[in-house]
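# Tertiary structure, described
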Amino acid sequence: MGVFETSVEATIARWFGIKPPNKPAKRLTTELAATIKAFEALRGTLAFEDEPSSFEAALLATKEDA
Amino acid sequence: MAGLADITLIQAADMVASGNATSLELLHACWANLDAVNPQVNAIIWQEREQAEAAANAADEAVQNKQRRGPLHGVPMAHKDMYYQAGKLSTCGSALRKDFRPSVTATVIQRMADAGAYTFAGLNMAEFAQNPTGHNKTFGDCHNPWNLPYITGGSSSGSGASVAARFNYMALGSDTGGSIRLPASACGVTGLKPTQTRVSRYGVMPLSFSHDNVGPLARTARDCARVLTVIAGHDPLDPTSSHEPVPRYESFIDGDLRGVRIGVPTNVFLDGADEPVVAAMEAALLVLTGRGATVSRFELPLMDAVAAYGGIVSRVEAAPIHAEWMRSDPQAYGAHISARMYPGYAIPAAYYVEALSRRGPVLKAFAAEVFGKVDVLVTPTIRTCLPTLEETDIDHGPPGTEHKFMAISANTRPFNYLGLPAISTPCGFDPNGCPIGLQIVGRPFAEGRILKVAGAYQSDTNWHWTRPPVLAAVA
């Protein structure tokens, strides 16, 4: 097991007291590296916003007109 | 042989209303199929026959007394086993809840009861609504009525399989990443995921509260329209439900697609698609253009952001709901369920907040670019031919099985993060005899529009009427 996976398992154990339940769980832990990469790729692509945006407001703002 | 169980929900309701059939006759017609085929399909996990017959008799007596309750009067139903009915079993597909009897009734169940429907069974489902295949460790896998070794799609596996096998006229499913549209596609029925907030989730087992949706699986778009009209609308018990007015959705289905602009994504949604699936979609587009629609093809924007953020939201929101059981009894879950939840505990809160805070701006940017050009998007619901249960069995399969498993929902997940309404309608069969689904997506609260397109398509095709071979031996 690599350093990354060991670190993830330790984090989950420390913060939640949960151990890997099975081998597929250990395998899927490695996919968090892809999650981090995906977030890295989005850095700088979206503008800073002064106010939090409401998703519900966005649904209404983009809705189909009757 | 076709019979009373083969008709649509609307036909069933109309027959009861007109006295041309009784509710009890409908119920018994459904049970004839259920008794013959459920041992193979495994769509039903519990039944309440005595109570159902009493409800049917009461519905018939009400008709005789000219006291029809509403547009679903006398229609027997069965739902995914995560819709709470006070005092009744609601297993959520899990050993951890095999004896759970909630103290509340889901608003959608109550609204359908107020419209005259009644429930006779609980339907198989993925454990805690968490797989796209129909595997279930506790109640047994659900099998596709079209070809038994193949997946039904999930997580509303029993909903898709039971409607296809004519055990009922309609079933509620839930859709967090495709769980209505996938079983609709795989089982050859029609499934509608409404706009996020369109339908109350009160009394419904939660999975990811930002992405969870309630909706119908039925034979036709028109059936889905009728059910949506009954269940949609604000619910004080679910403050997240929308105050938007609820139209009579059936009125949108007029067969006229003149002026309707269809967009076909050229990126993501056909990556790795199988040829029979692409051919079925192209044939469906010809049907739609024959009704007056126009088609344009272009790249959808922001798909990387939608995939990254959407994946975060679903995984993080499921994690705390299951934390106690993941600590105390992790082996009670199927391995693929606990394995997929496990990494969710390591995702930083800042990622989750970023994913949620970007959701509105991403939707606005997506809608401005896409719905400025077209009215609806069309894609395959599942981009490959259906895999078998064995090919997607993470619990017992080799490493890498999870990739085939996750590919099933690749075309449906994006629209949960975006919160858009989407419908799947049958549009053909793959070489293994399994159904292919066409996904039609609209802008927020455009359920009427996508029902109109699906309804027009179904006016010119018969895929949704075809009976699965498993029923061949049923008299």
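Attention here is on the structure that accompanies the text. Treat the numbers as computed from the prediction; the structure is a model and nothing was measured. Counting from 1, residues in each chain are numbered in the order their sequence is written. The lettering of chains begins at A and the numbering of ligands begins at 1, in the order of writing. Restriction of local features to residues with pLDDT of at least 70 applies here, the model being predicted, together with a cutoff of 80 or more for giving and counting side-chain atom pairs; totals for whole chains, interfaces and linings are based on all residues. Think of the side-chain values as coming from all heavy atoms in the structure, minus any hydrogens and water.

### Some words on the overall build of chain A
Counted only if it meets this: A run of DSSP states H or I qualifies as a helix once it reaches four residues; a run of E qualifies as a strand once it reaches two. Both are numbered from the N-terminal end. Between buried and exposed lies partly exposed: a residue is buried under 20% and exposed over 50% of the maximum accessible area for its type, with that area taken using a 1.4 Å probe on protein chains only. Each accessible area value is a Shrake-Rupley result obtained with a 1.4 Å probe; residue values ignore everything except the protein chains displayed when judging cover.
For chain A, the count of helices and strands is four helices and zero strands. In chain A, the succession of helices and strands from N to C terminus is α-α-α-α. Evaluated residue by residue, chain A yields a buried proportion of 30% over its 66 residues. Surface exposure of chain A reaches about 4300 Å², of which carbon and sulfur atoms provide 59%.

### Some thoughts on the nonpolar core
Residue and element names in this part refer to chain B. Selection criterion: We define the nonpolar core as a collection of buried residues of types Ala, Val, Leu, Ile, Met, Phe, Trp, Tyr and Cys that are connected through side-chain atoms lying within 4.5 Å of one another. Any two residues having at least one pair of non-hydrogen atoms within 4.5 Å are treated as being in contact.
Membership of the largest hydrophobic core comes to 126 residues, with the highest contact counts inside it found for Met112 and Ile231. The biggest single contributor to this core is helix 9 (residues 303-328), with 12 residues. In this structure, methionine 112 is in contact with Leu72, Met77, His79, Ala117, Met170, Leu172, Val227, Val230 and Ile231, ignoring residues within four places of it in sequence. Membership of the second largest hydrophobic core comes to 30 residues, among which are Ile44, Ala164, Ala165 and Ala184.

### Quick notes on unusual backbone geometry
Residue and element names in this part refer to chain B. Note the cis peptide between glycine 154 and serine 155, where omega equals 15 degrees. Position of serine 155 relative to the elements: it lies in the loop between strand 3 (118-123) and helix 5 (157-164). A positive phi angle, near 55 degrees, is found at cysteine 92, a position not held by glycine. Its place among the elements puts cysteine 92 in the loop between strand 2 (76-80) and helix 4 (107-114). Positive phi, normally seen in glycine, also occurs at leucine 302, with a value near 65 degrees. Summarising the element assignment, leucine 302 is placed in the loop between strand 8 (294-298) and helix 9.

### Here we look at the packing of helix 1 (residues 9-18) of chain B against helix 7 (residues 221-231) of chain B
Residues and elements named next belong to chain B. To be explicit about the condition: Here the axes come from fitting lines to C-alpha atoms, over the contacting stretch only for helices, and the angles between their N-to-C directions go from 0 to 180 degrees. For classification purposes, an angle smaller than 35 degrees is called roughly parallel, one larger than 145 roughly antiparallel, one from 65 to 115 roughly perpendicular, and anything else oblique. Polarity classes work like this: nonpolar for Ala, Val, Leu, Ile, Met, Phe, Trp, Tyr, Cys and Pro, charged for Asp, Glu, Lys and Arg, and polar for all others, with Gly in that last group.
Packing of helix 1 against helix 7 leaves a shortest axis separation of 8 Å and a crossing angle of 65 degrees. Between helix 1 and helix 7, the crossing angle belongs to the class labelled roughly perpendicular. Across the interface between the two elements, Leu9, Ile10, Ala13 and Asp14 of helix 1 pack against Arg222, Asp223, Arg226 and Val227 of helix 7. Residues of the contact of helix 1 with helix 7, tallied by class, amount to four nonpolar, no polar and four charged.

### Some remarks on the interface of chain A and chain B
Here is the rule: Once two parts are put together, the accessible area they lose, assessed with a 1.4 Å probe and summed over both, is termed the buried area. Criterion for a salt bridge: a side-chain nitrogen of Lys or Arg within 4 Å of a carboxyl oxygen of Asp or Glu.
Between chain A and chain B, the contact holds 36 residues from the first and 48 residues from the second. Interface area, chain A with chain B, both sides summed: about 3700 Å², of which 68% is carbon and sulfur. Ranking the residues of chain A by area buried against chain B places Phe39, Phe55 and Glu64 of chain A at the top, with a combined share of 20%. For the pair chain A and chain B, the number of links is three salt bridges. Where glutamate 64 of chain A meets arginine 449 of chain B, a salt bridge forms, and the shortest distance between an N and an O atom there is 2.9 Å. For the side of chain A that touches chain B, the secondary-structure elements that each account for two or more residues are helix 1 (3-16), helix 2 (23-29), helix 3 (32-42) and helix 4 (55-61) of chain A. Its residues placed into classes, the side of chain A that touches chain B shows 21 nonpolar, seven polar and eight charged.

### What about the side chain of threonine 119 of chain B?
Mapped onto the elements of the fold, threonine 119 of chain B is located in strand 3. In contact with threonine 119 of chain B, other than residues within four places in its own chain, are Met77, Ala78, His79, Gln85 and Lys88 of chain B.

### A closer look at the pairing of strand 5 (residues 190-193) of chain B
Moving residue by residue along a regular strand, the side chains alternate between the two faces of the sheet. Residues and elements named next belong to chain B. Filter applied, for reference: Pairing between strands requires that DSSP locate at least two bridges from one strand to the other.
Every second residue of strand 5 is oriented toward a common face, with Thr190 and Leu192 on one face and Gly191 and Lys193 on the other, all of them buried. Strand direction decides the pairing type here: strand 5 and strand 6 (residues 214-218), joined by two bridges, are antiparallel. Within the sheet, the bridge partner assigned to glycine 191 lies in strand 6 and is leucine 217. The sheet contact formed by strand 5 and strand 10 (residues 422-429) spans three bridges and is antiparallel. Opposite glycine 191, over in strand 10, you have serine 424 as the bridge partner.

### Looking at the environment of glycine 178 of chain B
Residues and elements named next belong to chain B. With respect to the helices and strands, the residue glycine 178 is situated in the loop between strand 4 (170-174) and helix 6 (181-187). A sequence separation of 73 residues divides glycine 178 from threonine 105, and the C-alpha atoms of the two residues are 24 Å apart. If we ignore the near neighbours within four places in the chain, the residues touching glycine 178 are Gly154, Pro183, Thr412 and Asn416.

### What about the state of the cysteines?
Here a disulfide denotes one covalent bond, and it connects the sulfur atoms of two cysteines. Worth spelling out the cut-off: When two cysteine sulfur atoms are found within 2.5 Å, that pair is recorded as a disulfide.
Evaluated as defined, the whole model comprises zero disulfides over all chains. Here cysteine 187 of chain B is not disulfide-linked; the sulfur of cysteine 142 of chain B is the nearest cysteine sulfur, at 6.8 Å.

### Comments concerning the sheet that holds strand 1 (residues 44-47) of chain B
Residue and element names in this part refer to chain B. In spatial order, the strands read 1-3-2; together these three strands make up an open sheet with mixed pairing. What marks the edges here is a single partner per strand, and that holds for strand 1 and strand 2. When strand polarity is set aside, the average angle formed by the axes of neighbouring strands in this sheet is 40 degrees. Pairing analysis gives five bridges linking strand 2 to strand 3, with the strands arranged parallel. Within strand 3, the position partnered with proline 76 by the bridge is tyrosine 118.

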